[in-house]
Amino acid sequence: MARSSRRVSLDAPRGRGGVLAPRTPQPSRDRFGRFTEWIARNMGTPAFLLGLTLFCVGWIVWNTAAPVAWRFDSQEFGFTALTLVLSLQASYAAPLILLAQNRQDDRDRVQIEQDRQRAERNLADTEYLAREIVALRMAVSDYRNDAITKDVLRAELKQLLESIGPDPDAAPPAETNRDRSS
């Protein structure tokens, strides 16, 4: 068997042909969910209620005023076909609305979890900042209580210079007559 002439690239995930590779459109897995939300959103609008009312009025007027040969739903039986159509619409509307509510509940759950995590981070940041402010206040109060005078500062600098030692770049001390006689 002949091997494929294509080289396997380990720096890209499988299935990717590169930037210029044609992408095949994939159907949305969530299309039905978006459809149910659209139905639920539109069923509660005044336009839907007005349209349904006009549909029912038109149905009743047609089956009452039209010639008997053109009527398809009898007034004598209480507009049975209209009742069946409205029952069918309601039987599909209720589950679609419930599906849309379930999707909204899932989104709300995710949002609540994100809000909880954000609140925890904010609380931790606030506590950190409060501790820092307390530390700064303590440091400022320490500086207020300790009055630094020139004498204290000179003594501290002298002690610091002695702890460092002699300066290697400094000139050597001048020789005296006693050092030459020896």
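Novice: Would you explain the overall build of the protein chain in this entry?
Specialist: When you go through the protein chain residue by residue, the secondary structure sums to five helices and zero strands. Within the protein chain, the fraction of its 182 residues that count as buried is 9%. Counting contacts in the protein chain only where the partners sit at least 6 residues apart, residues at least 24 apart contribute 51% of the total. When the accessible surface of the protein chain is totalled, it reaches about 17,000 Å², and 61% of it is carbon and sulfur.

Novice: How should I be thinking about the confidence of the model for the protein chain in this particular structure?
Specialist: When pLDDT is low, close inspection of the predicted coordinates is not appropriate. Residues at a pLDDT of 70 or more form 72% of the protein chain, whose mean pLDDT is 81. Within the protein chain, no element has a lower average pLDDT than helix α5 (residues 177-181), which sits at 55, and none a higher one than helix α2 (residues 46-65), at 93.

Novice: Would you explain the pattern of salt bridges in this entry?
Specialist: Oppositely charged side chains can pair when the atoms bearing their charge come close. If you walk through the whole model with that rule in mind, you get seven salt bridges. When the shortest N-O distance is used, the salt bridge between E113 and R116 registers 2.5 Å. With E113 and R116 both in helix α3 (residues 80-145), this residue pair falls three residues apart, about one helical turn. By relative accessible area, which is 33% here, E113 ends up partly exposed. The network of salt bridges with common partners includes D30, E37, R103 and R107.

Novice: What am I meant to see in helix α1 (residues 31-43) here?
Specialist: Taking 1.5 Å of rise per residue, the 13 residues of α1 would be expected to cover 18 Å, and the 18 Å separating its terminal C-alpha atoms lies within 8% of that figure. Among the residues making up α1, those that are buried are G33, T36, E37, I39 and M43. In an axial view of α1, the angular spread of the buried residues amounts to 160°, which keeps them on one side of the axis. Exposed and oriented more than 90 degrees from the buried face of α1 are R31 and R41.

Novice: What is the right way to read the side chain of N63 from this model?
Specialist: Looking at the secondary structure, you find N63 in helix α2. Setting aside its immediate chain neighbours within four residues, N63 contacts R71, F72, D73 and F79.

Novice: What am I meant to see in the packing of aromatic side chains here?
Specialist: Any pair of aromatic rings gets described here by the distance separating the centres and the angle formed by the planes. Across all of its chains, the model carries five aromatic pairs by this definition. Pairing F35 with W38 gives two aromatic rings, centres 6.4 Å apart and planes at 25°, and the pair type is stacked. Within this pair, F35 and its partner W38 are both found in helix α1, separated by three residues, close to a single helical turn. Here F35 falls in the partly exposed class, since its relative accessible area comes to 38%. When the ring of W62 is compared with that of W70, the centres are 6.1 Å apart and the planes differ by 10°; the resulting orientation is stacked. What makes W62 partly exposed here is its relative accessible area of 38%. Owing to a relative accessible area of 56%, W70 belongs among the exposed residues under this scheme. Aromatic rings pair up to connect F32, F35 and W38 into one cluster.

The rules behind each value
Residues numbered from 1 in each chain as written. Predicted model: local features only at pLDDT ≥ 70, side-chain atom pairs only at ≥ 80, totals over all residues. Heavy atoms only, no water. Helix = DSSP H or I, 4+ residues; strand = E, 2+ residues; numbered from the N terminus. Buried < 20%, exposed > 50% of the residue type's maximum accessible area, 1.4 Å probe, protein only. Contact = heavy atoms within 4.5 Å. Areas by Shrake-Rupley, 256 points an atom, 1.4 Å probe, with all protein chains shown as cover. pLDDT = per-residue confidence, 0-100. Salt bridge = Lys/Arg side-chain N within 4 Å of Asp/Glu carboxyl O. Expected span 1.5 Å × (residues − 1). Arc of directions from axis to C-beta. Phe/Tyr/Trp six-rings, centres within 6.5 Å; stacked < 30°, edge-to-face > 60°.

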